[in-house]
Amino acid sequence: MTDSLDGLSSFLAVAQHKSFTAAASEVGVTPTAMSQKIKLLERRLGVVLFQRTTRHVALTDAGQTLFDRLRPALRDVEEALTALSDYRGRPSGKLRLTAPRTSGWLIAPLVARMREAYPELTVEVSLDDAFVDLVASGFDAGIRLGDAVEKDMVRVPITKHSSWSIVGSPGYLAKMGRPSKPEDLLQHQAVRQRMMATGVVYRWELERRGKEITIDVPGGIVANDIRLMVALVCEGCGLAYVPDEEIEDDLAAGRVERVLESFVTKGPGICLYFPERTQEQPKMRALIETIKRLRPSR
């Protein structure tokens, strides 16, 4: 072999034990094989590393110089290998997650539970509505609607469904009237959503008697942030199609009201997703178990 590191572990074993027999026993080879490894190393380096007699083994000046230089590096290697045990045991290091900006209701308790249970673990969250390539962007896992996840990813369901509503402010509905059927939306104004993943403006998907209806509701306001859309609805700017998690407080306070509830269907559930090769890492196992404990029933 021409690898410059080949034979160095054998050299270090003999140098530490001052014995070919003891070094061979440690490495798991015969003394003859150990002697051959050292001869090949000396030949490749062009120097004699050991003075050998029938009773003693001693380092030459060249061997001592090599040993003195390698010994600190050996400690670094041993410490590095010892550090790997942390990744085989309790979760540690950094866990990087990507999730939509509308997922704060889920992310906050998840991160809190992870930090409480695993204080050695640093959790970093990036909120981005656009779909993210986990491997290329350096993320461990992502949270997205199930139908948006690539087929080669492992998925762990978080919710069975995602619930959305069409909402308007009481003032807007008093002025413009409450729509009673999907076609009535064409006479209304919408706060429309530009989808980050595709760049297109979302056309509302409804259902009537099992048949899908797509309505391109007119509107002079387009936004790419759900919270901003809800705030604009509260200001009376029009109707919006938004996740239920984002309107709970506004519904309770009477700032918005639902319309056309019987035409709005449940969407695909939210899931955790990640590359298959990462699922055996302790931090990923801990994340999966924490999600299962927090998983809502809906």
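Higher on the page you've got the structure.
Starting afresh in each chain, residues are numbered from 1 along the sequence in its written order. Residue-level local features of this predicted model are given only where pLDDT is at least 70; pairs of side-chain atoms are given and counted only at 80 or more, and the full residue set underlies all totals for whole chains, interfaces and linings. Water and hydrogen atoms were dropped before computing side-chain values, which therefore reflect all heavy atoms in the structure.

**Student:** How should I be thinking about the sheet that holds strand 6 (residues 154-157) in this particular structure?
**Tutor:** Sheets are built from strands that pair by backbone hydrogen bonding, the pairs being arranged parallel or antiparallel. Strand pairing is assigned whenever DSSP detects at least two bridges linking the two strands. Under the scheme used here, helices are H or I runs from DSSP no shorter than 4 residues and strands are E runs no shorter than 2 residues, and both carry numbers assigned from the N terminus. In space, the five strands of this open sheet follow the order 4-3-5-16-6, with mixed pairing throughout. With one partner strand each, in any of the chains shown, strand 4 (121-127) and strand 6 form the two edges of the open sheet. On average, each strand axis in the sheet is tilted by 25 degrees relative to the strand beside it, whichever way the strands run. The pairing of strand 6 with strand 16 (residues 270-274) spans four bridges and is antiparallel. The residue of strand 16 that forms the bridge with Val 156 is Leu 272. Against the sheet, helix 5 (residues 104-117) contacts strand 3 (93-99), strand 4, strand 5 (141-145) and strand 16, and its axis sits at roughly 170 degrees relative to strand 4. Axis lines are fitted through C-alpha atoms, for helices just across the contact stretch, and the angle between N-to-C directions can take any value from 0 to 180 degrees. Residue contacts follow a heavy-atom distance rule, with two residues in contact if any of their heavy atoms lie within 4.5 Å.

**Student:** Got a minute to help me understand the layout of surface pockets in this structure?
**Tutor:** Empty space among the atoms can be located by rolling a probe the size of a water molecule over them. Taken as a whole, the largest pocket spans an internal volume of roughly 1000 Å³. Every definition here rests on a 1 Å grid over the protein atoms only: cavities are sets of points where a 1.4 Å probe fits but cannot get out, pockets are open sets enclosed by protein on both sides within 12 Å along at least five of seven lines, and lining residues have some atom within 4 Å of a point. Taken together, 35 residues line the largest pocket, and the ones lying closest to its centre are Leu 145, Asp 147, Trp 164, Met 195 and Pro 268. When contributions to the lining of the largest pocket are tallied by element, the ones reaching two or more residues are strand 5, strand 10 (204-208), strand 13 (240-243) and strand 15 (267-268). Of the residues belonging to the lining of the largest pocket, the class tally is 19 nonpolar, eight polar and eight charged. Grid points are joined across faces, edges and corners, and a volume is the space filled by probe spheres set on the points. The nonpolar class holds Ala, Val, Leu, Ile, Met, Phe, Trp, Tyr, Cys and Pro. Asp, Glu, Lys and Arg form the charged class, and all remaining residues, Gly among them, are polar.

**Student:** Quick question: what am I supposed to make of the pattern of salt bridges here?
**Tutor:** When the charged atoms of two side chains with opposite charge come close together, those side chains can pair. For this document, the term salt bridge refers to a Lys or Arg side-chain nitrogen within 4 Å of an Asp or Glu carboxyl oxygen. For the coordinates displayed, the defined rule picks out 13 salt bridges. A salt bridge links Arg 255 to Asp 250, with the nearest nitrogen and oxygen atoms 2.6 Å apart. In this structure Arg 255 comes out as partly exposed when scored by relative accessible area, which is 40%. Judged by its relative accessible area of 11%, Asp 250 falls in the buried class. It is possible to trace a salt-bridge network through shared partners that takes in Lys 94, Arg 96 and Glu 124. The buried label applies to any residue whose accessible area, calculated with a 1.4 Å probe on protein chains only, is under 20% of its type's maximum; exposed applies above 50%, and partly exposed to all values in between.

**Student:** Would you mind showing me how to read the nonpolar core here?
**Tutor:** One recurring pattern in soluble globular proteins: nonpolar side chains tend to sit buried together. We define a nonpolar core as any set of buried Ala, Val, Leu, Ile, Met, Phe, Trp, Tyr and Cys residues linked to one another through side-chain atoms lying within 4.5 Å. Membership of the largest hydrophobic core comes to 23 residues, with the highest contact counts inside it found for Met 114, Ile 143, Leu 272 and Leu 287. Beyond its immediate stretch of four places on either side in the chain, Ile 143 contacts Thr 98, Ala 99, Pro 100, Leu 106, Ile 107, Leu 110, Ile 158, Ile 270, Cys 271, Leu 272 and Tyr 273. Of all hydrophobic cores here, the second largest spans 19 residues; its members include Phe 11, Leu 12, Phe 20 and Leu 70.

**Student:** What should I look at first to understand the sheet that holds strand 13 in this one?
**Tutor:** Pairing is antiparallel in the open sheet, where three strands are placed in the order 13-8-14. In the strand order of this sheet, the two ends are held by strand 13 and strand 14 (257-259), each with one partner. If you compare each strand with its neighbour and ignore which way they point, the axes differ by 55 degrees on average. Sheet topology note: the strand 8 (residues 164-168)/strand 13 ladder contains four bridges and is antiparallel. Following the sheet pairing, Ile 166 is matched in strand 13 by Tyr 241. Each of strand 8 and strand 13 touches helix 8 (residues 226-234); the most contacted strand, strand 13, lies at about 130 degrees to it.

**Student:** Sorry, what's going on with helix 10 (residues 282-294) here?
**Tutor:** It helps to recall that an α-helix has 3.6 residues per turn; residues three or four apart then point in one direction. Here, expected helix span is obtained from the residue count minus one, scaled by 1.5 Å. The end-to-end C-alpha separation of helix 10 is 18 Å, in line with the 18 Å expected for 13 residues at 1.5 Å each. Among the residues of helix 10, Pro 282, Lys 283, Met 284, Ala 286, Leu 287, Ile 288, Thr 290 and Ile 291 are the ones counted as buried.

**Student:** Before we go on, may I ask you to explain the pairing of strand 5 in this structure?
**Tutor:** Each regular strand carries side chains that alternate between the two faces of the sheet. Extensive coverage of strand 5 is indicated by the burial of four of its five residues. Here two bridges tie strand 3 to strand 5, and the two strands are oriented parallel to one another. Note on strand 5: the bridge partner recorded for Leu 97 is Ala 141. For strand 5 and strand 16, the ladder comprises four bridges, and the chain directions are antiparallel.

**Student:** Explain the packing of aromatic side chains here, please?
**Tutor:** The geometry of two aromatic rings is summed up by the distance between their centres and the angle between their planes. For this analysis, a ring pair means two rings from Phe, Tyr or Trp (six-membered ring only for Trp) whose centres lie within 6.5 Å, classed as stacked if their planes differ by under 30 degrees, edge-to-face if by over 60, and tilted for the remaining angles. A complete count under the given rule lists six aromatic pairs for this structure. Note on Phe 11 and Phe 50: the rings are 5.5 Å apart at their centroids and 50 degrees apart in plane angle, and the pair reads as tilted. In this pair, Phe 11 sits in helix 1 (residues 8-17) while Phe 50 sits in strand 1 (residues 50-52), placing the two residues 39 residues apart along the sequence. Geometrically, the ring pair formed by Phe 20 and Phe 50 is edge-to-face, given 5.9 Å between the ring centres and 65 degrees between the ring planes. Taken as a pair, Phe 20 in helix 2 (residues 20-27) and Phe 50 in strand 1 lie far apart in primary sequence, 30 residues in all. Across the pair, exposure class does not vary: Phe 20 and Phe 50 are buried alike. The criterion is that NZ of a Lys, or CZ of an Arg, lies within 6 Å of the ring centre and within 35 degrees of the ring normal, and then a charge sits over that ring. Sitting over the ring of Phe 139, Arg 96 keeps its end group 4.2 Å from the ring centre.

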